[in-house]
Amino acid sequence: FLFDYQVESTSTNETVKTLFKTTLHRPILATTEKQTQGRGRRGRVWHSPYAQNCYLSLGYRFNAALSELSGLSLVVGLAFAEALSELNFPVELKWPNDLYLNGKKLGGILVELEGTFDAPCDVIIGVGLNVNMPLNDDGTEQIDQAWTSLSQYKGEVVDRTHLLLIIIPKLESFLAIFEQQGFTKFAQLWPQYDRYIDQAVNIISAEKVITGIAQGINEQGELLLQTEQGLLNISGGEISLRP
Ligand code: BTN
């Protein structure tokens, strides 16, 4: 890894984008204590106060075309879920890429692409994880959903360095397996962490809302949704799942 640590940055995804242009080194791991322009999915802000949480981005080159990388954000979520479960945090995943603890949002993943859709493909995998953020932190009232942090769950401060020492090797090995063997293994692992399996959900995209019962995922990482029209396969992108 080329490791980049900053006390403050706009967004670690931006740090990786800049490093992609200035170095040939891959993979890159960028972390920071605070983001001034932390981004969530669908144009939202990611609240990123100083020295409390983990904000990290991994710059990774896949020897594959983008079309072969469906399921990537699920693989990243699963690496976090496995690592955090080993540390006794019973994390659940919301398809395609949110981490939940105690039914509240713990973290999120923002995957971005730099360059072309053809192989090799440089991707930026950004993850924000609420670690020690207290409920009354300034600015948290703007978070638009119920959220939690590892320290709220555990009732004590959690060591972020220790966390990353468990999470990063897990992430590295999951990405290597994904690159070499594809998504199959992860499709088998997913049900253990699936927060909405067998539940009624709404899939919301720019054009429409589809209602159905979530049935887990298929071998490509697409969501299986039982609707009145039959079983639909829903692929990721700019959509969201709501109970
Ligand atoms: C979401 O749930 O909407 C995704 C949140 C992703 C946040 C992380 S924090 C590190 C990286 N830098 C960003 O600006 N966003 C991601």
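Residues numbered from 1 in each chain as written. Predicted model: local features only at pLDDT ≥ 70, side-chain atom pairs only at ≥ 80, totals over all residues. Heavy atoms only, no water.

Some details on the side chain of Ser73
The topology assignment puts Ser73 in helix α2 (residues 72–86). The residues contacting Ser73, other than those within four sequence positions of it, are Pro96, Asn97, Ile109 and Val111. (Helix = DSSP H or I, 4+ residues; strand = E, 2+ residues; numbered from the N terminus. Contact = heavy atoms within 4.5 Å.)

Overview of the domain arrangement of the protein chain
Each assigned domain of the protein chain is listed with its residue range as follows: domain 1 (2–192) and domain 2 (200–242). Put simply, the middle of domain 1 and the middle of domain 2, counted by C-alpha atoms, are 23 Å apart. Taken together, the contact pairs eleven residues of domain 1 with 17 residues of domain 2. Scanning the region where domain 1 abuts domain 2 turns up zero salt bridges. (Domains from an automatic or database assignment. Salt bridge = Lys/Arg side-chain N within 4 Å of Asp/Glu carboxyl O.)

What to know about the site of the ligand
Near the ligand you find 19 residues, and of these Ser11, Gln35, Arg39, Arg41 and Lys105 are the closest. In this structure, a nitrogen atom belonging to the ligand sits 2.9 Å away from a side-chain N or O atom of Gln35. Here Lys105 contributes a side-chain N or O atom positioned 2.6 Å from an oxygen atom of the ligand. In isolation the ligand offers 420 Å² of accessible surface; the protein chains occlude 99% of this area. If you list the elements that add at least two residues to the shell around the ligand, you get α1 (12–22), β3 (54–62), β6 (104–114) and β7 (121–129). Looking at the shell around the ligand element by element, the count peaks at four residues for β6. Its residues assigned to classes, the shell around the ligand shows five nonpolar, ten polar and four charged. (Near = heavy atom within 4 Å. Polar contact = N/O pair within 3.5 Å; in protein donor to acceptor, adjacent residues only side chain to side chain. Areas by Shrake-Rupley, 256 points an atom, 1.4 Å probe, with all protein chains shown as cover. Nonpolar A, V, L, I, M, F, W, Y, C, P; charged D, E, K, R; others polar.)

Some details on a nonpolar patch on the surface
Residues Phe3, Tyr5, Val7 and Tyr50 make up a contiguous nonpolar surface patch of about 450 Å² in total accessible area. Position of Phe3 among the secondary structure elements: in strand β1 (residues 2–6). Exposure remark for Phe3: the relative accessible area of 52% places this residue in the exposed category. (Patch = residues over 30% accessible without salt bridge, like charges linked within 9 Å, V, L, I, M, F, W, Y side chains within 5 Å. Buried < 20%, exposed > 50% of the residue type's maximum accessible area, 1.4 Å probe, protein only.)

With respect to unusual backbone geometry
The peptide bond linking Arg26 to Pro27 adopts the cis configuration, its omega dihedral lying at -10°. Structurally, Pro27 is set in the loop between α1 and β2 (28–32). That bond from Ala119 to Pro120 is cis: its omega, -10°, falls within 30 degrees of zero. As for its placement among the helices and strands, Pro120 is situated in the loop between β6 and β7. The residue Ala51 is not glycine, and still its phi comes out positive at about 60°. Within the secondary structure, Ala51 is located in the loop between β2 and β3.

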